[in-house]
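Descriptive structure summary
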Amino acid sequence: MLTFLQKSMEKHKLSFSYFRLSTFIITFVPNSEFVKTMSRHSKPLPLLQNVTIEAVAAEGKCLFHADSLVVFVPFCVPGDVADVQLTRKKHSYAEGEVVRIVKPSDKRIEPVCRHFGICGGCKWQNMPYEEQLAFKQKQVEDQLTRIGKLELPEFMPIKGSVKTLEYRNKLDFGCCNKKWYTKEQLQALPKGEGLTEPGIGFHITGAFDKILPIEKCWLMDNLHNDIRNAIYDYATSHGLTFFDLRQQAGLLRDIIIRCSNSQEWMVLVQFGPSVPPSSTIQEATGETSPKQLRKEALEKEIREQNCFDRPSAMALLQYVAEKFPQITSLMWVYNPKCNDTFGDLSVELFKGTDHIFLLMEDLKFKVGPKSFYQTNTEQALHLYNVARDFAGLTGNELVYDLYTGTGTIANFVARMARKVIGIEYVDDAIADAKINSEINGISNTLFYAGDMKDILTDDFIAAHGRPDVIITDPPRAGMHPDVIKVIINAHPRRIVYVSCNPATQARDLQLLDADYKVTRIQPVDMFPHTPHVENVVLLEAR
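All residue numbers refer to position in the chain's written sequence, counted from 1. Side-chain atom pairs in this predicted model are given and counted only at pLDDT of 80 or more, local residue features only at pLDDT of at least 70, and totals for whole chains, interfaces and linings cover all residues. Side-chain calculation: all heavy atoms of the structure are included, whereas hydrogens and water are not.

**Side note on the packing of helix H4 (residues 129-146) against helix H16 (residues 502-512)**
Only the stretch in contact is used when fitting a helix axis, every axis being a line fitted to C-alpha atoms; angles between N-to-C directions are given from 0 to 180 degrees. Only DSSP runs of H or I with at least four residues qualify as helices, and only runs of E with at least two residues qualify as strands; both kinds are numbered from the N terminus onward. Taken N-terminus to C-terminus, the directions of H4 and H16 make an angle of 30 degrees; their axes are 8 Å apart at the nearest point. Classified by the angle between their axes, H4 and H16 sit roughly parallel to one another. The handedness of the crossing between H4 and H16 is right-handed. Residues Val140, Gln143 and Leu144 of H4 form the contact with H16, whose participating residues are Pro502, Ala503, Gln505, Ala506 and Leu509. Each residue belonging to the contact of H4 with H16 can be placed in one class, and the counts come to 6 nonpolar, 2 polar and no charged. Roughly parallel here means an angle under 35 degrees, roughly antiparallel means over 145, roughly perpendicular means 65 to 115, and every remaining angle is called oblique. When the near helix sits turned anticlockwise from the far one by under a right angle, the crossing is termed left-handed; a clockwise turn instead gives a right-handed crossing. For this analysis, residues touch if any pair of their heavy atoms sits within 4.5 Å. Charged residues are taken to be Asp, Glu, Lys and Arg, nonpolar residues to be Ala, Val, Leu, Ile, Met, Phe, Trp, Tyr, Cys and Pro, and polar residues to be all remaining types, Gly included.

And the structure:
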């Protein structure tokens, strides 16, 4: 067997160091005796009956113990008694899925969404909101205590979301030529039929090339459901192609819908090449070419073939514009790339304006198709109120707002500060931040675009002044160590750290601990029915 593998790998110009043996066997030796032997001797994983779900775990899952194993299970509630089929088993832990609820927990409620349990977006809809908040509070406390290992003050009670349904101002729906079928749907299909329907909805774990079609989502005002479903009906009745992730072809690729508390609506439709490239990736560059080169060659070929079915795309947009006069910003982008990102692509306006406005107190913020804005509009006000309160501004402070985005926090606190300097790596966001200051008559802000660790240097601080307060709202990965060093060297009196990931926040707080003491902690829930939580921490110089 090994000699055969060596000869096969030599034929394909591969080495054992390049591929794991198992990957090679599956890819190049699908009928090998090795594979047949492995499949014959693999033991089926057990069904564990009448187990009691004990607690909430990471990523929205729950857990229970089976002898020495910790078993993680999604879509259940602490206190449930269930039969659980193990789906994956490691040395010290396992994963499973509930096949039957023997006795429901007293804490279990009926989820409002018909897609619950498959979609995966709202993992906690079967749990009362008060229980969700309690688990999020505990998550913040555990992570700051266990990871940070810091001297901490008393945690303030978590601020629950004003709305628990229809609270989002942005949703992104994928379009795919293959929809995801549930087990029940598959069993109901006549033999030899089906499996070819397209879908518009959300990607689900374990099926990168399929979409779970969404009929009604409760995360945004119901008009977005009407818009999405109308686009699907039009596309299927007019023979428009849906994107095939394997072939990298299909006209209808992605739909982003935004709404605002100023009653404006934005729809951005992303179109792809209507037909696949004439040659495969392997023919374009050779089978053993590096992955990036193969991808670039495919994208180049698609562009050169000019595969965009513009007439069909414009007809769809015209239909949407006429059917939904509520849409104040209707845009589109042609994306021939091998991924859905469009930050480097030109977005075209079909109808209305190229932006919408979101309102906060007496301010309004311009949001374009590439802009970031907190997705829970009403709760964002409460989050920023906490940040402003923690900053303790009197009107005399120089404030640095790091990871400023479109300048929401910077402009929100500007009227209570002497001057605010915002830094952000996205050029378009900084352009919006400047416009937002201008729109709101704010003249004491400055904004700079670039990588945080490259811009926020000792020289920058020497040129612009030592900050009295630093507000930082980094991405989930937290702050770069170089940024933390510069913050320590700048030595502001106070640091307000807004985080969407308490685990990385705890790590960063530990790095700041020698110079700063945590004096206030306020968790804020921005995403009901999910395990995600924001946390605001005030640090004061020792």
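The rest of the description comes next.
**Side note on the pairing of strand E7 (residues 170-176)**
Exposure is judged per residue with a 1.4 Å probe applied to protein chains only, and the accessible area is read against the type maximum: over 50% gives exposed, under 20% gives buried, and values in between give partly exposed. Counting buried positions over the 7 residues of E7 gives 5, a clear majority of the element. As paired strands, E7 and strand E10 (residues 252-259) are joined by 5 bridges and run antiparallel to one another. Note that in E10 the partner of Gly174 across the bridge is Asp254. At least two bridges found by DSSP between two strands are what make those strands a pair.

**Structural notes on the pairing of strand E17 (residues 419-424)**
Across a regular strand the side chains alternate sides, sitting on one face of the sheet and then on the other. For E17, the tally of buried residues reaches 5 of 6 residues, placing the bulk of the element in the interior. With 5 bridges joining them, strand E16 (residues 398-402) and E17 adopt parallel strand pairing. Looking at the pairing, Leu398 lines up with Lys419 of E17. Viewed with both strands pointing away, a crossover whose connecting path from the first strand over the helix to the second turns clockwise is right-handed. In this region the chain leaves E16, passes through helix H11 (residues 408-414) and returns to the parallel neighbour E17; the handedness of that crossover is right-handed. Examined bridge by bridge, E17 and strand E18 (residues 445-449) share 5 bridges and lie parallel to one another. Considered in E18, the bridge of Val420 is made with Thr445. One crossover worth recording links E17 to the parallel E18 by way of helix H12 (residues 427-439), and it is right-handed.

**Regarding the sheet that holds strand E6 (residues 93-103)**
Spatial ordering of the open sheet is given by E1-E5-E6-E4-E3-E2, a layout of 6 strands whose pairing is mixed. Looking at which strands have only one partner, the edges of the open sheet turn out to be strand E1 (47-52) and strand E2 (55-56). Where E1 and strand E5 (residues 81-89) come together, 4 bridges link them in antiparallel fashion. Within the sheet, the bridge partner assigned to Val51 lies in E5 and is Ala82.

**Description of the packing of aromatic side chains**
Note on aromatic contacts: the rings of Phe and Tyr and the six-membered ring of Trp form a pair at centre separations within 6.5 Å, being stacked when their planes are under 30 degrees apart, edge-to-face when over 60 apart, and tilted otherwise. Following the criterion strictly, the structure yields 14 aromatic pairs and no others. On the basis of an interplanar angle of 25 degrees and a centroid distance of 4.7 Å, the ring pair of Tyr234 and Tyr319 is categorised as stacked. Note that Tyr234 is positioned in helix H6 (residues 223-237) and Tyr319 in helix H9 (residues 310-323), a separation of 85 residues in sequence. Take Tyr234: its relative accessible area is 11%, and that puts it in the buried class. Centroid distance Tyr384 to Phe412: 6.1 Å. Interplanar angle 50 degrees. Geometry classified as tilted. You can see Tyr384 sitting in helix H10 (residues 377-391) and its partner Phe412 sitting in helix H11, a full 28 residues away along the chain. Among the aromatic side chains, those forming a connected cluster through ring pairs are Phe271, Phe308, Trp332 and Tyr334.

**Section: the nonpolar core**
Only buried Ala, Val, Leu, Ile, Met, Phe, Trp, Tyr and Cys residues count toward a nonpolar core, and they belong to the same one when joined by side-chain atoms within 4.5 Å. In terms of nonpolar packing, the biggest core is built from 85 residues, with Ile227, Leu252, Phe271 and Val496 touching the most fellow members. Broken down by element, this core gets its largest block of residues, 7 residues, from H10. By size, the runner-up hydrophobic cluster in this structure holds 36 residues, among which are Leu398, Phe460, Leu512 and Tyr516.

**Re the sheet that holds E17**
Read across the open sheet, the 7 strands follow the order E18-E17-E16-E19-E20-E22-E21; overall the sheet is mixed. Two strands lie at the open edges of the sheet, namely E18 and strand E21 (516-524), each paired on one side alone. If you compare each strand with its neighbour and ignore which way they point, the axes differ by 15 degrees on average. One ladder, built from 4 bridges, connects E16 with strand E19 (residues 469-472); its direction is parallel. Residue pairing across strands places Asp401 opposite Ile471, the latter belonging to E19. This element, H10, spans E19, strand E20 (494-499), E21 and strand E22 (534-541) of the sheet and lies at about 160 degrees to E21.

**Overview of the pattern of salt bridges**
Where charged atoms of side chains with opposite charge meet at close range, the side chains can pair. Every case where a carboxyl oxygen of Asp or Glu lies within 4 Å of a side-chain nitrogen of Lys or Arg is listed as a salt bridge. Following the criterion strictly, the structure yields 22 salt bridges and no others. A salt bridge links Glu378 to Lys163; the shortest N-O distance between them is 4.0 Å. In this pair, Glu378 sits in helix H10 while Lys163 sits in the loop between H4 and E7, placing the two residues 215 residues apart along the sequence. You can call Glu378 partly exposed: its relative accessible area is 40%. For Lys163, a relative accessible area of 32% translates into the label partly exposed. Here Asp508 makes a salt bridge to Arg507, at a shortest N to O gap of 2.9 Å. Shared partners join several salt bridges into a network, and the residues in it are Asp209, Lys210 and Arg246.

**Let's talk about the side chain of Asn535**
Mapped onto the elements of the fold, Asn535 is located in strand E22. Residue class for Asn535 comes out buried when judged on its relative accessible area of 0%. Reaching out from Asn535, the side chain makes a polar contact with the side chain of Gln505 at a distance of 2.9 Å. The residues contacting Asn535, other than those within four sequence positions of it, are Val140, Leu144, Tyr497, Val498, Ser499, Pro502, Gln505, Ile521, Gln522 and Pro523. Between N or O atoms, a polar contact is any pair within 3.5 Å; within protein, one atom must be a potential hydrogen donor and the other a potential acceptor, and residues adjacent in sequence are included only when both atoms are from side chains.

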